[in-house]
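Chain by chain, the residues run as shown.
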Amino acid sequence: MRIVVVGGGVIGLLTAMECARAGARVDLVDQAGIPSPSATSNDLHRVVRALHRGDAALTMAAARAHEGWVDVERRLGARFYHRAGVLTAMGAQDVGTNYAMVTATGMPAQALTAAELSARYPQIRFGPGRAAVFEPAVGAVLAGQALLRLARWMRDQPAVHLHPHRRVVAIDGPGAVLLADGTALTGDRVVVAAGPWSRDLLPAELAGDLTLHRQTMLSYAPVMSRQAWAGVSAVLGLGESGDAWLMPPVAGTPVRLSAASASRALPEMTDRVTPGEWRDHLIGRFAMLLADFDPAAVIGATDGYYLTDAASGGPLLADLGDGMAWAYAACGGMSFKFAPLIARALADRAMGRPPRSTGLNWIDRPRQLAARHRQPA
């Protein structure tokens, strides 16, 4: 069995790993390096947690994804998953239900009152009536380091052939990937996991249903209060709307700050230079959310792109025709934490095996396209 995987981000790398471990020969191709420096998943760190407020099924799946990351870390013999903990803020009336959802998965959790929040997190203004659920066993994956270790593992496998800096221009019939230089890579199955570039490779009827987003994030390193930030967990659910979050300073990384309000839909990708208005927007948000916020301690701002399915607002898996080619078409922010589950299910489909259930509807019930739509319109 030969599998061609398009995309050198977390989904492509993990899917290639699962296929290789299952005995397949794998060609992994990306228009940039492997891992791809411009992949949506290639960042300082990403939060992994169980709790998804109000959604018991998603919380159960996320707990399994946490175990998946533990397994990936063990398999690679590296440490990049730091159990710094994750705190999810919410209205006090919601804590009981969400605490019960986490503990039902077997994961440990603590319910924190408003007073306990103020004592434990003096750096953060949670606002009146806010409480939280704390998950001590989860935390942050150093995303860039994880991708580097995955790529190193690939290079050591005789059955894996890496094709960096080779741009794919089409999925050209059953099991064939056409490259910009006119050559083709052929296999028994194709998996497309090209992140925000996926639209260029997909049929028009599918590409037209995907929305491109651009997200801004700040890097924050307050020198005078660095000690106060040591050991802080990831914090989600900040602000009145609960849409702001904070990634912790683990393994020498700065604090990272962002909010859903800093995501905007765009027609196409351009550069990654953060416009001043979006940097200022987040500075304004966190000036209200962090005590003694120092704008001068914002040491950087980065922009990234991702796709979502217009119908669901989340990720999307699509069968491009009779199981010969699969596209993980929408690469929303949920992808990284669920990546081990997604990759196992994708590898199962690529190997022609019954896919293991993930508990994620958008993976377990992929969109089906007719075989004639394998090639882009």
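For the structure itself, consult the block above.
Attention here is on the structure that accompanies the text. Worth saying up front: this structure is predicted, and the values here are computed from it rather than measured. (Residues numbered from 1 in each chain as written. Predicted model: local features only at pLDDT ≥ 70, side-chain atom pairs only at ≥ 80, totals over all residues. Heavy atoms only, no water.)

### Focus on the sheet that holds strand β22 (residues 367–368)
So, step 1. Taken in spatial order, the seven strands make up an open sheet running β9-β2-β1-β13-β21-β20-β22, and their pairing is mixed. Only two strands of the sheet have a single partner each, and these edge strands are β9 (160–163) and β22.
So, step 2. For strand β2 (residues 25–29) and β9, the ladder comprises four bridges, and the chain directions are parallel. Bridging across to β9, D27 finds its partner in H161.
So, step 3. Here helix α1 (residues 10–21) sits on the sheet in contact with β1 (2–6), β2, β9, β13 (189–192) and β21 (325–330), set at roughly 170 degrees to β2. (Pairing = 2+ DSSP bridges. Helix = DSSP H or I, 4+ residues; strand = E, 2+ residues; numbered from the N terminus. Contact = heavy atoms within 4.5 Å. Axes fitted to C-alpha atoms, helices over the stretch in contact; angles between N-to-C directions.)

### Observations concerning the packing of aromatic side chains
So, step 1. Counting across every chain of the model gives six aromatic pairs.
So, step 2. Each ring, one from Y121 and one from F126, has its centre 6.0 Å from the other, and the planes form 80 degrees; the classification is edge-to-face. For the pair shown, Y121 and F126 are each scored as buried.
So, step 3. With 6.2 Å between their ring centres and 85 degrees between their planes, Y220 and W229 make a pair best called edge-to-face. (Phe/Tyr/Trp six-rings, centres within 6.5 Å; stacked < 30°, edge-to-face > 60°. Buried < 20%, exposed > 50% of the residue type's maximum accessible area, 1.4 Å probe, protein only.)

### Digging into the packing of helix α2 (residues 56–76) against helix α5 (residues 143–155)
So, step 1. Between α2 and α5, the least distance of the axes is 10 Å, while the angle of their chain directions is 50 degrees. Viewed along their axes, α2 and α5 adopt a mutual orientation that is oblique. Regarding α2 and α5, the two cross each other, and that crossing is left-handed. Across the interface between the two elements, W69, V72 and L76 from α2 touch A146, R149, L150 and W153 from α5.
So, step 2. Residues that form the contact of α2 with α5 fall into these classes: six nonpolar, no polar and one charged. (Parallel < 35°, antiparallel > 145°, perpendicular 65-115°, else oblique. Left-handed = near helix turned anticlockwise from the far one by under 90°. Nonpolar A, V, L, I, M, F, W, Y, C, P; charged D, E, K, R; others polar.)

### Here we look at the pairing of strand β5 (residues 86–91)
In summary, the side chains of a regular strand alternate between the two faces of the sheet.
So, step 1. Most of β5 sits out of view: six of its six residues are buried.
So, step 2. Pairing geometry for β5 and strand β7 (residues 130–135), over six bridges, is antiparallel. Bridge pairing links G91 to R130 in β7.
So, step 3. Pairing analysis gives three bridges linking β5 to strand β15 (residues 234–238), with the strands arranged parallel. Looking at β15, one finds that T88 is bridged to L236.

### Let's talk about the pairing of β15
So, step 1. By the criterion of burial, β15 is predominantly enclosed, with five of the five residues buried.
So, step 2. In terms of strand pairing, β15 meets strand β16 (residues 244–247) through two bridges, oriented antiparallel. Residue V235 lies in a different strand from β16, and its bridge partner there is L246.
So, step 3. Taking the residues between adjacent antiparallel strands as the criterion, β15 and β16 are bridged by five residues, where G239 takes a positive phi near 85 degrees.

### Regarding the sheet that holds strand β3 (residues 46–48)
So, step 1. Taken together, three strands build an open sheet; the order of strands is β3-β8-β4 and the sheet is antiparallel. Strands with a single pairing partner mark the edges of an open sheet, and in this sheet they are β3 and β4 (81–82).
So, step 2. Where β3 lies against strand β8 (residues 139–141), three bridges are found, and the strand directions are antiparallel. In the strand pairing of β8, V48 is matched with G139.

### Comments concerning the layout of surface pockets
Unfilled space is identified by rolling a water-sized probe across the atoms.
So, step 1. Taken as a whole, the largest pocket spans an internal volume of roughly 1,200 Å³.
So, step 2. Lining the largest pocket are 44 residues, and of these R46, Q215, W245, G333 and M334 lie nearest its centre.
So, step 3. Taken together, the elements giving at least two residues each to the lining of the largest pocket come down to β3, β14 (210–220), β15, β16, β19 (298–309) and α9 (335–350).
So, step 4. The dominant element in the lining of the largest pocket, judged by the number of residues it contributes, is β19, at six residues.
So, step 5. Class assignment of the residues belonging to the lining of the largest pocket gives a composition of 17 nonpolar, 18 polar and nine charged.
So, step 6. Looking at the second largest pocket, its volume works out to about 420 Å³.
So, step 7. Lining the second largest pocket are 31 residues, with A193, A194, G195, P196 and W197 positioned closest to its centre.
So, step 8. Secondary-structure elements contributing two or more residues to the lining of the second largest pocket are α1, β10 (168–171) and α9.
So, step 9. In terms of residue count, the dominant contributor to the lining of the second largest pocket is α1 (three residues). (1 Å grid on protein atoms, 1.4 Å probe; cavity = no way out; pocket = protein on both sides within 12 Å on 5 of 7 lines; lining within 4 Å. Points joined across faces, edges and corners; volume = space filled by probe spheres on them.)

### Concerning unusual backbone geometry
So, step 1. Omega for the bond connecting I34 with P35 falls within 30 degrees of zero, at 5 degrees, which places this linkage in the cis form.
So, step 2. Phi at A251 is positive, roughly 50 degrees, even though this residue is not glycine.
So, step 3. Here A251 lies in the loop between β16 and β17 (255–259).
So, step 4. Given a relative accessible area of 56%, A251 falls into the exposed group.
So, step 5. Although it is not a glycine, D292 adopts a positive phi angle of roughly 55 degrees.
So, step 6. On the secondary structure map, D292 appears in the loop between α8 (276–289) and β19.

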